[in-house]
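Working through the structure, step by step
Read off the chains here:
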Amino acid sequence: MAHILHRAFSILACACRASVAPNSPAGGPAASAGPVDSNLIDDLIAANRILTERGILDGYGHVSVRHPGNAQRYLMSRSVAPELATAADIMEHDLDSNPIDARGRTPFLERFIHGEIYKARPDVNAVIHSHSPAIVPFGVSDVPLRPFFHMGAFLGAGAPIFEIRNVAGMTDLLVRNPELGRALAHSLADKPVVLMRGHGSAITGASIPNAVYHAVYLDVTARLSVEAKMLGGNITYLEPEECRLAMATITGTMSRPWELWKRKALGR
Ligand SMILES: [Zn+2]
């Protein structure tokens, strides 16, 4: 009996340590991956402001970037309206979305969107979660969101839709645990964007400027799609080869709008 009780206590003790420091082999506090260049933090702050300015984020939504020194970590602000985020709000998370250095700061409830996409997509280094009103109709309609002008060519064959009901039945629609984050990443597959039915979208990029470009022109594509539909005729969408050729040109120029947007966002 004593042996059984001792064994049970040992398991419980291990579980408690794991809940405190889930990614630390020794059970102690997980070590930070270290500081990052202040220019990257500036990029993260700028992205929050740029996307808020365009209505792609509001009091909700978030932006993250993979830690350049450790691919198993990402950086994102504490739970705060994106436009208010400062360098002091940026928290390091592991890919299970446990905060490494919370210091009393509250992480975003839906941080699993970010951690699970980083796990599934080694090519992704920045993730945006948005509730943009321009995008929501395309997540609840059978009208597809497809590219029809060159700046939206990154969409390629279109954006998949994550149907949370297929994974978890009736929910509050929030990606509030790792299982839902994994299912979302599965729906995203190898695409740059996944629409979330009745909720918003998750947008990815190889860098913060790349992801912000995707978010801005995803929004423009959605709004122009409605205008084109209102004309009443047929829409000519881009062919895959046109998307490929357009992106071969645009990818090399993404720093141009980024420099403008960042300068205006940071007031420099
Ligand atoms: Zn959300």
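Structure's up top.
None of these values were measured; they are calculated from a predicted model. (Residues numbered from 1 in each chain as written. Predicted model: local features only at pLDDT ≥ 70, side-chain atom pairs only at ≥ 80, totals over all residues.)

**Considering unusual backbone geometry**
Under the convention used in this document: The helix count covers DSSP runs of H or I at least four residues long, the strand count covers runs of E at least two residues long, and both are numbered beginning at the N terminus. Counts of 20 or more other C-beta atoms within 10 Å of a residue's own C-beta define buried residues, counts of 12 or fewer define exposed ones, and intermediate counts define partly exposed ones; C-beta atoms are placed from the backbone.
Positive phi values are uncommon outside glycine, yet R103 reaches one of about 45 degrees. Its location among the elements puts R103 in the loop between β3 (90-94) and α3 (112-120). In this model, A189 sits at a positive phi of 50 degrees, which is unusual for a non-glycine residue. Checked against the element boundaries, A189 lands in the loop between α6 (178-188) and β6 (193-196). Looking at A189, the number of C-beta atoms within 10 Å reads 10, which means it is exposed.

**Considering the sheet that holds β6**
Filter applied, for reference: Being paired, for any two strands, means DSSP has found at least two bridges between them. We call two residues in contact whenever the C-beta atoms placed from their backbones are within 7 Å. For every element, the axis is a line fit to its C-alpha atoms; helices are fit only across the contacting stretch, and the angle between N-to-C directions ranges from 0 to 180 degrees.
Taken together, the seven strands give an open sheet; going across it, the order is β3-β2-β1-β4-β7-β6-β5, and neighbouring strands pair in mixed fashion. Two strands in the sheet have a free side with no partner beyond their single neighbour: β3 and β5 (161-162). Note that strand β1 (residues 62-66) and strand β2 (residues 73-77) share three bridges and pair antiparallel. Its bridge partner lying in β2, R66 is registered against Y74. Strand contacts of α6: β5, β6 and β7 (200-205), with the helix running at about 125 degrees to β6, the strand carrying the most contacts.

**Details of the environment of S130**
Among the secondary structure elements, S130 is positioned in strand β4 (residues 126-130). Along the chain, S130 and G200 lie 70 residues apart, while their C-alpha atoms are 5.6 Å from each other. Not counting chain neighbours up to four residues away, the residues in contact with S130 comprise I56, L57, G61, I135, G200, S201, I203 and A215.

**Quick word on the pairing of β4**
Burial within β4 is extensive, with five of its five residues counted as buried. Neither face of β4 is open: one carries A126, I128 and S130, the other V127 and H129, and all of them are buried. Here β1 runs beside β4; their pairing, made up of four bridges, is antiparallel. Its bridge partner lying in β4, S64 is registered against V127. Examined bridge by bridge, β4 and β7 share five bridges and lie antiparallel to one another. Bridge pairing in β7 links S130 to S201.

**What about the packing of helix α2 (residues 38-53) against helix α7 (residues 208-230)?**
As a reminder, the rule being used: Our angle categories are set so that under 35 degrees counts as roughly parallel, over 145 as roughly antiparallel, 65 to 115 as roughly perpendicular, and the remainder as oblique. Following the grouping adopted for this structure description, the nonpolar residues are Ala, Val, Leu, Ile, Met, Phe, Trp, Tyr, Cys and Pro, the charged ones are Asp, Glu, Lys and Arg, and the polar ones are all others, Gly among them.
Between α2 and α7, whose axes approach to 10 Å, the crossing angle comes to 5 degrees. It follows from the interaxial angle that α2 and α7 lie roughly parallel. On α7, the residues that touch D43, L44, A47, I50 and L51 of α2 are I208, V212 and A215. Here the contact of α2 with α7 is composed, by residue class, of seven nonpolar, no polar and one charged.

**As for the environment of D37**
Within the secondary structure, D37 sits in the loop between α1 (2-20) and α2. On the basis of neighbour count, D37 is assigned to the exposed category, with 10 C-beta atoms found within 10 Å. Sequence separation between D37 and P68 is 31 residues; the distance between their C-alpha atoms is 9.1 Å.

**Observations concerning α3**
Within α3, seven of the nine residues are buried, leaving the element largely enclosed by the surrounding structure. Tucked into the core, α3 has its buried residues touching β1, β2, β3, β4, α6 and β7.

Interpretation in functional terms is not warranted from these geometric data alone.
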